[in-house]
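An overview of the molecular structure
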Amino acid sequence: MNDTPAVASAMARSYKYGFVTPIESDTIPQGLDEEVIRLISFKKQEPEFMLEWRLAAYRLWLEMTEPNWSSVRYPPIDYQGISYYSAPVGNPGTVALEDVDPALLATYEKLGIPLDERLTLAGVAVDAVFDSVSVATTHQKKLAEMGILFCSMSEALQKHGALVHRYLGSVVPPEDNFFAALNAAVFSDGTFCYIPPGVRCPMELSTYFRINAARTGQFERTLIIADEYSQVGYLEGCSAPQRDRNQLHAAVVELIAMEGAEIAYSTVQNWYPGDAEGRGGIYNFVTKRGECRGDHSRISWTQVETGSAITWKYPSVILRGAGSSGRFHSVALTNHHQQADTGTKMIHIGPNTSSTILSKGISAGHGHNAYRGLVKVLPGASGARNHSQCDSLLLGEHCSAHTHPYLEVKNHSARVEHEATTSRISEDQLFYCRQRGLSNEEAVSLIVNGFCQEVLRELPMEFSVEARKLLAVSLEGSVG
Amino acid sequence: MNILEISNLHVAVMDKPILRGLELELKPGEVHAIMGPNGSGKSTLANLLAGREECQVTAGSVFYQGENLLVMAPEERAGKGLFLGFQNPVELPGISNVRLLKEAFNARQRHRGLPAMDALAFRDHLDQRSKRLGLSGEWLLRPVNVGFSGGEKKRNELLQMMVLEPRLAILDEIDSGLDIDALALVAEGINAMRDAQRSMLLITHYPRLLDLVHPDHVHVLMEGRIILSGGMALAQDLEKQGYGWLEEVAT
Ligand SMILES: Nc1ncnc2c1ncn2[C@@H]1O[C@H](COP(=O)(O)OP(=O)(O)OP(=O)(O)O)[C@@H](O)[C@H]1O
Ligand SMILES: [Mg+2]
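Below is a summary of the structure that appears in this document. All residue numbers refer to positions counted from 1 along the written sequence of the respective chain. Both sets of labels track the order of writing: A upward for chains, 1 upward for ligands. Only residues with pLDDT of 70 or above have their local features reported here, since the model is predicted, and side-chain atom pairs are shown and tallied only from 80 upward, although totals for entire chains, interfaces and linings are computed over all residues. Where side-chain values are given, they derive from all heavy atoms of the structure, hydrogens and water being excluded.

**Concerning the overall build of chain B**
Stated precisely, the cut-off is as follows: Think of it this way: any DSSP run of H or I at least four residues long counts as a helix, any run of E at least two long counts as a strand, and we number them from the N terminus. The size measure is the radius of gyration over C-alpha atoms, and the globule rule it meets is 2.2 Å times the number of residues to the 0.38 power. Partly exposed describes any residue whose relative accessible area lies between the buried limit of under 20% and the exposed limit of over 50%, with all areas from a 1.4 Å probe on protein chains only and scaled to the type maximum. The contact rule is simple, with two residues in contact once any of their heavy atoms fall within 4.5 Å.
Along the backbone of chain B there are 10 helices and 12 strands. Against the 2.2 N^0.38 benchmark of 18 Å for 251 residues, chain B shows a C-alpha radius of gyration of 18 Å, consistent with a compact globule. Principal-axis analysis of the C-alpha atoms gives chain B an extent of 55 × 40 × 35 Å. For chain B, with 251 residues in total, the buried portion stands at 53%. Pairs at least 24 apart in sequence give 67% of the contacts found in chain B among residues at least 6 apart.

**A word on the site of ligand 1**
All names here are of chain B. Under the convention used in this document: The rule for a residue being near a molecule or strand is that one of its heavy atoms must lie within 4 Å of it. Any pair of N or O atoms that falls within 3.5 Å is considered a polar contact. Within protein, one atom must be able to donate a hydrogen and the other to accept it, and sequence-neighbouring residues count only if both atoms are side-chain atoms. Accessible areas in this description were obtained via Shrake-Rupley with a 1.4 Å probe; residue shielding takes into account the shown protein chains only.
If you check the shell around ligand 1, you find 15 residues, and the closest are Gly39, Lys42, Ser43, Thr44 and His205. Within the side chain of Asn38, an N or O atom sits 3.0 Å from an oxygen atom of ligand 1. At 3.2 Å from an oxygen atom of ligand 1 is found a main-chain nitrogen or oxygen belonging to Ser40. Coverage of ligand 1 by the protein amounts to 64% of the 630 Å² it exposes when considered alone.

**Observations concerning the sheet that holds strand S3 (residues 31–35) of chain B**
All names here are of chain B. Let me state the cut-off plainly: Pairing between strands is defined by DSSP: at least two bridges between the two strands are required. Angles shown run from 0 to 180 degrees and are taken between the N-to-C directions of axes, each axis being a line fitted to C-alpha atoms and, for helices, limited to the stretch in contact.
Sheet architecture is open: 6 strands sit in the order S6-S9-S10-S3-S11-S12, paired in mixed fashion. In this open sheet, the two strands that pair with only one neighbour each are strand S6 (82–85) and strand S12 (225–230). Across the sheet, the axes of successive neighbouring strands diverge by a mean angle of 20 degrees, strand direction being ignored. Summarising the sheet, strand S11 (residues 217–222) and S12 pair through 5 bridges and their orientation is antiparallel.

**Brief notes about the interface of chain A and chain B**
The condition that has to hold: By salt bridge we mean one thing: a side-chain nitrogen of Lys or Arg within 4 Å of a carboxyl oxygen of Asp or Glu. Note on residue classes: Ala, Val, Leu, Ile, Met, Phe, Trp, Tyr, Cys and Pro are nonpolar, Asp, Glu, Lys and Arg are charged, and everything else, Gly too, is polar.
The interface of chain A with chain B comprises 21 residues on the first partner and 31 residues on the second. For the interface between chain A and chain B, the tally reads 4 salt bridges. Scanning the region where chain A abuts chain B turns up 11 residue pairs in polar contact (both at pLDDT 80 or more). For the side of chain A that touches chain B, the secondary-structure elements that each account for two or more residues are helix H9 (427–435) and helix H10 (440–456) of chain A. Among the residues forming the side of chain A that touches chain B, the class breakdown is 7 nonpolar, 8 polar and 6 charged.

**A few points about the layout of surface pockets**
Under the convention used in this document: The definitions used throughout rest on a 1 Å grid laid over the protein atoms alone, on which a cavity is an enclosed set of points accommodating a 1.4 Å probe that cannot get out and a pocket is an open set flanked by protein within 12 Å on both sides along at least five of seven lines; lining residues are those having an atom within 4 Å of a point. Grid points are joined across faces, edges and corners, and a volume is the space filled by probe spheres set on the points.
By volume, the largest pocket is sized at about 800 Å³. The wall of the largest pocket is formed by 30 residues, among which Leu446, Asn449 and Arg468 of chain A together with Arg99 and Glu103 of chain B lie closest to the centre. Among the secondary structure elements, those contributing two or more residues to the lining of the largest pocket are H10 and helix H11 (461–474) of chain A together with strand S7 (92–96), helix H3 (97–111) and helix H4 (119–132) of chain B. Here the lining of the largest pocket takes 7 residues from H10 of chain A, the largest share from any one element.

**Examining the sheet that holds strand S5 (residues 67–68) of chain B**
Adjacent strands of a sheet pair through backbone hydrogen bonds, lying either parallel or antiparallel. All names here are of chain B. With respect to topology, 4 strands assemble into an open sheet ordered S2-S1-S4-S5, the strand pairing being antiparallel. If you trace the sheet from one side to the other, it starts and ends with strand S2 (16–26) and S5, each paired once. In the sheet, strand S4 (residues 55–64) pairs with S5 via 2 bridges, with the strands oriented antiparallel. Bridging from a neighbouring strand, Phe63 pairs with Asn68 of S5. The strands touched by helix H1 (residues 42–50) are strand S1 (4–13), S2 and S4; relative to S1, the strand with the most contacts, the crossing angle is about 110 degrees.

**Brief notes about the pattern of salt bridges**
Applying the stated rule across the entire model yields 32 salt bridges over all chains. Residues participating in the shared-partner salt-bridge network are Glu34, Glu35, Arg38 and Arg59 of chain A.

**Quick notes on the side chain of Gln339 of chain A**
All names here are of chain A. Checked against the element boundaries, Gln339 lands in strand S18 (residues 339–348). Looking at Gln339, its side chain comes within polar contact range of the main-chain nitrogen of Arg73, at 2.7 Å. Among all residues touching Gln339, those that are not within four sequence positions of it are Ser71, Val72, Arg73, Ala309, Ile310, Thr311, Thr334 and His368.

**Things to note about unusual backbone geometry**
Residue and element names in this part refer to chain A. For Tyr229, which is not glycine, the phi dihedral falls at a positive 55 degrees. The phi torsion at Asn352 lies on the positive side, around 55 degrees, for a residue other than glycine. With respect to the helices, strands and loops of the structure, Asn352 is situated in the loop between S18 and strand S19 (354–363).

Geometric values such as these leave the question of function open.
So, in structure tokens, the structure goes:
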């Protein structure tokens with residue numbers, strides 16, 4: 001299954017979001033020190049507490065070392081060789097949609113995310129983040145009528161400072177890990193959502209992240225708060241130009257569900273994966289965590305990870321409220337030289353909490369795919385239940401898949417189950433599909449789709465269609 | 001022109017010779033039945049015709065509608081209208097029947113240079129055929145062959161054949177595992193598909209299906225070749241006497 005040059009170029013062509021928008025940017029010089037942090041905070045005209053918070057995080061970060069416990073391998077990152085802030089000139093940020101630079105609107109349209117409210121997918125509101133800043137947020141007025149706050153983090157800091165102050169870092173504190181500390185110090189934008197008590201959000205909220213500028217990092221922060229008995233579905237998408245140099249994306253996402261509230265967070269991750277030889281691509285080092293703070297609250301993470309040169313993320317749930325539940329549904333596909341080390345942590349604190357983990361890893365080419373998951377049941381979590389299922393599918397001879405389940409159970413009444421399978425795509429299945437007229441590639445793609453079906457069906461309809469297509473494209477060049 | 005023309009075919013599986021000098025000719029519109037003891041190579045013949053890699057041709061030739069079949073990829077054979085109903089259809093977890101049928105149907109359209117059929121028209125095309133086989137709408141949403149009973153798998157193979165409307169249908173033991181009513185439905189389905197252009201090769205152990213379908217020819221496959229051919233009477237004789245009496249003919 002060696003990739004021929006023809007296959008490699010087909011793969012390179014198949015990343016259809018690899019274009020660059022020629023737009024003038026306000027990019028600060030590369031390098032990181034306290035001055036840079038002050039500059040970011042100043043540019044964003046943040047309240048005083050934010051600057052203090054950032055600086056404290058930065059000082060923590062200086063003392064920390066980059067984690068090396070995961071299975072991913074990459075050359076040392078030069079943190080002084082990155083620009084920490086890049087925004088399109090005339091930084092639109094909080095301007096009205098009509099005033100957004102047409103070149104930016106065109107970019108999002110090309111990505112399939114029209115920002116014109118008349119053209120957007122029915123039932124989806126979008127916050128569009130371009131490099132370091134949010135450039136537009138749709139449907140804000142309609143949502144505001146119901147008391148729902150949906151805006152960029154910059155806008156939230158200015159208009160809802162107290163709310164942000166109360167919750168920011170309460171789930172992922174800066175000291176949590178190296179990348180979380182870095183993010184806290186330099187994050188430039190992201191999305192803020194607040195759903196008031198008893199409100200069912202009438203549309204899916206979403207953020208589309210686009211990296212455009214070269215030699216920049218993207219450090220965004222998302223904070224979603226679902227107040228008592230409210231409900232919200234949130235979707236995150238992303239892409240980046242095709243470049244030979246690696247770029248760092250280190251985001252933090254925090255979810256907070258109060259009593260009886262429900263948050264369903266879905267990600268379709270399609271950062272540029274690098275070329276067939278493993279040159280370029282995004283390093284996606286992300287900390288995502290939700291806290292079921294109130295009783296009977298629910299948080300679910302659904303992710304389809306097909307992009308990035310390296311994916312390092314463990315969307316987790318802290319199950320604090322009694323009877324709360326957490327779910328993690330994941331598809332991670334690695335082709336060519338992509339590496340993924342992903343999984344979840346389910347921390348059972350409250351009684352009768354439950355969690356479900358369903359992970360589907362697909363490795364092709366020289367891809368490396370690891371599931372790493374922790375299920376922790378604390379002494380107070382009587383009657384806690386967990387079910388974990390981790391399935392790996394291998395395509396070809398040079399790829400690998402590993403499963404690392406960690407269990408820490410400190411309550412005897414807890415019931416924890418773990419199942420894992422590793423399989424290869426079977427010749428019988430391939431032959432059956434080809435006998436029905438499908439090409440080898442179509443057959444592989446169909447079988448992989450079937451393998452992921454239980455996860456894909458968790459996604460909202462339009463996005464599951466997108467995810468299917470993405471899986472097919474990501475598999476190109478994987479069958480000899 | 002013959003639909004299928006097999007001459008002096010020798011096939012080995014894992015270096016073990018299975019077919020040794022098989023000859024067979026199918027004309028448009030003809031239905032042929034192949035019978036033969038377990039392990040005689042009936043499925044090997046079917047798999048070889050569909051393009052299974054494990055079946056190595058060591059001598060002989062196969063022409064399909066005048067073209068050398070042996071150089072074609074499996075999907076190319078399918079695209080040109082060759083269909084195999086498998087003796088043991090494989091499970092495809094997570095893929096619904098309707099999804100596979102739609103993809104297969106669109107692959108066929110593409111091969112014929114036709115646009116994909118729109119969703120509603122395809123649904124009609126499918127519903128007419130699934131109703132005829134007593135397969136419900138809900139059943140179409142189930143993953144292909146997963147947890148199907150033996151008889152359901154066979155009906156599913158026939159449904160795929162009816163949806164894809166092949167030129168040559170090879171049905172490997174489509175009648176095994178069927179209850180009496182299902183056998184009647186399957187036979188009806190086969191008869192409904194018969195026309196002057198379409199040929200069929202039915203592999204079976206029992207004359208019951210053949211009584212309902214009336215094949216034009218019945219062949220006995222033994223010792224790696226067709227040792228005897230006849231009509232329905234031959235099938236009846238085999239039912240009564242088994243294959244023992246043929247051993248002399250074979251040697
Ligand atoms: N993959 C394989 N490896 C080794 N031997 C094989 C393989 N496939 C088939 N065979 C052998 O080839 C011979 C012919 O098998 P085949 O399945 O064609 O028989 P058949 O006539 O269809 O039998 P049945 O009536 O039981 O379906 C058998 O002896 C079988 O064991
Ligand atoms: Mg057989």
